[in-house]
Amino acid sequence: MAEGAARILLVDDEQAVQKLLSYPLRKEGYDVVSAHDGREALDRFAEQRFDLVVLDIMLPKLDGIEVCRRLRGRSQVPIIMLTAKDDEGDKVLGLEMGADDYITKPFSVREFRSRVKAALRRTEMLRSRPTGGEPIVARELRIDFERRLVTVGERPVRLTYVEFEILSALAANPGRVHTREMLLEQVWGDSRYRDPRTIDVHIRHLREKLERESKHPEYLFTVRGVGYRFRSRDD
């Protein structure tokens, strides 16, 4: 393993899945730490710094949704969730608990590596991004890009990495309509293997955090049949 290699926490109770996924990750030069249940995952996470967590939803002792919620309460580390069933409820709940991405089993190793690389690229971009840039202010909403802080009036708003990136992409171009595919490209680097409805979940979550009434938004508008836009000066 190369010095300074990304460290990944791989959480799955199936030994066969651990072997299948850890092999290509180690081959890429990543440091992989395994955990086989939810409580062990939290223990491993508390012991050292991780650059990414790959987390199965169906886990013994503590399920992946609860693990995700607890991790998000202490860290903004990227989280990719794995689900064994194509259940929209599981995906939505995982994203609402703060997961950055999800993969439905069965999936190809090529898809898995693509998702992992994209998540780690986002982490590296965040660390290396130059500071500066004037904050954006719209009504009571203030977005401070340099400090990655968002406030509504005097109230600080805690956003996940992906939520902040989506909000930033929209707010940087007020009034411009962004399709779901455009937002996937800007935030994840590509739209391959990803369900565009993932964007809908993050937008709903953003509205719940930013808007006084999420059903009557002041900042994030839906353009039916196309995508989303941030309020313009004319709104």
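Going by the structure above, here's the rest.
Here is a short report on the structure shown in this document. Nothing here was measured: the structure is a model prediction, and the numbers come from that model.

What counts as what
Residues numbered from 1 in each chain as written. Predicted model: local features only at pLDDT ≥ 70, side-chain atom pairs only at ≥ 80, totals over all residues. Heavy atoms only, no water. Helix = DSSP H or I, 4+ residues; strand = E, 2+ residues; numbered from the N terminus. Buried < 20%, exposed > 50% of the residue type's maximum accessible area, 1.4 Å probe, protein only. Contact = heavy atoms within 4.5 Å. Areas by Shrake-Rupley, 256 points an atom, 1.4 Å probe, with all protein chains shown as cover. Pairing = 2+ DSSP bridges. Phe/Tyr/Trp six-rings, centres within 6.5 Å; stacked < 30°, edge-to-face > 60°. Salt bridge = Lys/Arg side-chain N within 4 Å of Asp/Glu carboxyl O. Axes fitted to C-alpha atoms, helices over the stretch in contact; angles between N-to-C directions. Parallel < 35°, antiparallel > 145°, perpendicular 65-115°, else oblique. Nonpolar A, V, L, I, M, F, W, Y, C, P; charged D, E, K, R; others polar.

**Some words on the overall build of the chain**
So, point 1. Along its length, the chain carries eight helices and 12 strands.
So, point 2. Evaluated residue by residue, the chain yields a buried proportion of 51% over its 235 residues.
So, point 3. Long-range pairs, those at least 24 residues apart, make up 59% of the contacts in the chain with a sequence separation of at least 6.
So, point 4. Within the structure as shown, the chain displays about 11,900 Å² of accessible surface, and the carbon and sulfur contribution to it stands at 48%.

**What about the pairing of strand S7 (residues 141-144)?**
So, point 1. In this structure, strand S6 (residues 136-138) lies alongside S7, joined through three bridges in antiparallel fashion. Paired with Val137 across the two strands is Arg142, which belongs to S7.
So, point 2. The turn linking S6 back onto S7 is made up of two residues, and Arg139 within it adopts a positive phi angle of 55°.
So, point 3. Looking at chain direction, S7 and strand S8 (residues 149-152) are connected through four bridges and run antiparallel. Looking at S8, one finds that Arg142 is bridged to Thr151.
So, point 4. What sits between the antiparallel neighbours S7 and S8 is a turn of four residues, in which Arg148 has the positive phi angle 55°.

**Things to note about the packing of aromatic side chains**
So, point 1. As enumerated under the stated definition, the model contains three aromatic pairs in all.
So, point 2. Here the aromatic rings of Phe45 and Phe50 are separated by 6.0 Å at their centres, their planes lie at 15°, and the arrangement is stacked. Across the pair, exposure class does not vary: Phe45 and Phe50 are buried alike.

**Section: the pattern of salt bridges**
So, point 1. Across all of its chains, the model carries 21 salt bridges by this definition.
So, point 2. Between Asp100 and Arg72 there is a salt bridge; the shortest N-O distance is 3.1 Å. Pair noted here: Asp100 is in the loop between helix H4 (88-96) and strand S5 (101-104) and Arg72 is in helix H3 (residues 64-72), with a separation of 28 residues, a long-range link.
So, point 3. We classify Asp100 as buried; its relative accessible area is 1%.
So, point 4. Classification of Arg72 by relative accessible area gives buried; the value is 8%.

**Digging into unusual backbone geometry**
So, point 1. Between Lys105 and Pro106 the backbone carries a cis peptide bond, its omega angle lying at -5°.
So, point 2. Along the polypeptide, Pro106 turns up in the loop between S5 and helix H5 (109-128).
So, point 3. One non-glycine residue, Lys61, adopts positive backbone phi at about 70°.
So, point 4. Classification of Lys61 as exposed rests on a relative accessible area of 63%.

**Thoughts on the sheet that holds S7**
So, point 1. Spatially, S6-S7-S8-S9 is the arrangement adopted by the four strands of the open sheet, whose pairing is antiparallel. Because the sheet does not close on itself, it has two edges, and the strands there are S6 and strand S9 (155-157). Between one strand and the next, the sheet's axes are offset by a mean angle of 20°, whatever the strand orientation.
So, point 2. Its contacts with the sheet place helix H6 (residues 161-171) against S6, S7 and S8, and it is angled at close to 105° to S7.

**Here we look at the sheet that holds strand S4 (residues 79-83)**
So, point 1. The sheet built from five strands is open, its strands ordered S2-S1-S3-S4-S5 with parallel pairing. Sheet topology places strand S2 (31-35) and S5 at the edges, where each strand pairs with a single neighbour. Mean inter-strand twist for the sheet, computed between neighbouring axes without regard to direction, equals 20°.
So, point 2. Where S4 lies against S5, four bridges are found, and the strand directions are parallel.

**Points about the pairing of strand S12 (residues 227-230)**
So, point 1. Two elements, strand S10 (residues 178-179) and S12, share two bridges in a ladder whose sense is antiparallel. Across the sheet, Thr179 pairs through a bridge with Gly227, a residue of S12.
So, point 2. Summarising the sheet, strand S11 (residues 220-223) and S12 pair through four bridges and their orientation is antiparallel. Across the sheet, the residue bridging to Leu220 is Phe230, located in S12.
So, point 3. Hairpin connection, S11 to S12: the antiparallel pair is bridged by three residues, and Gly225 has positive phi, about 80°.

**Notes on the packing of H6 against helix H8 (residues 197-210)**
So, point 1. Relative to each other, H6 and H8 sit at 85°, their axes nearing to 10 Å. Relative to H8, the element H6 lies roughly perpendicular. Contacts between H6 and H8 pair Val162, Glu163, Ile166, Leu167 and Leu170 from the former with Ile199, His202, Ile203, His205, Leu206, Lys209 and Leu210 from the latter.
So, point 2. Residues that form the contact of H6 with H8 fall into these classes: eight nonpolar, two polar and two charged.

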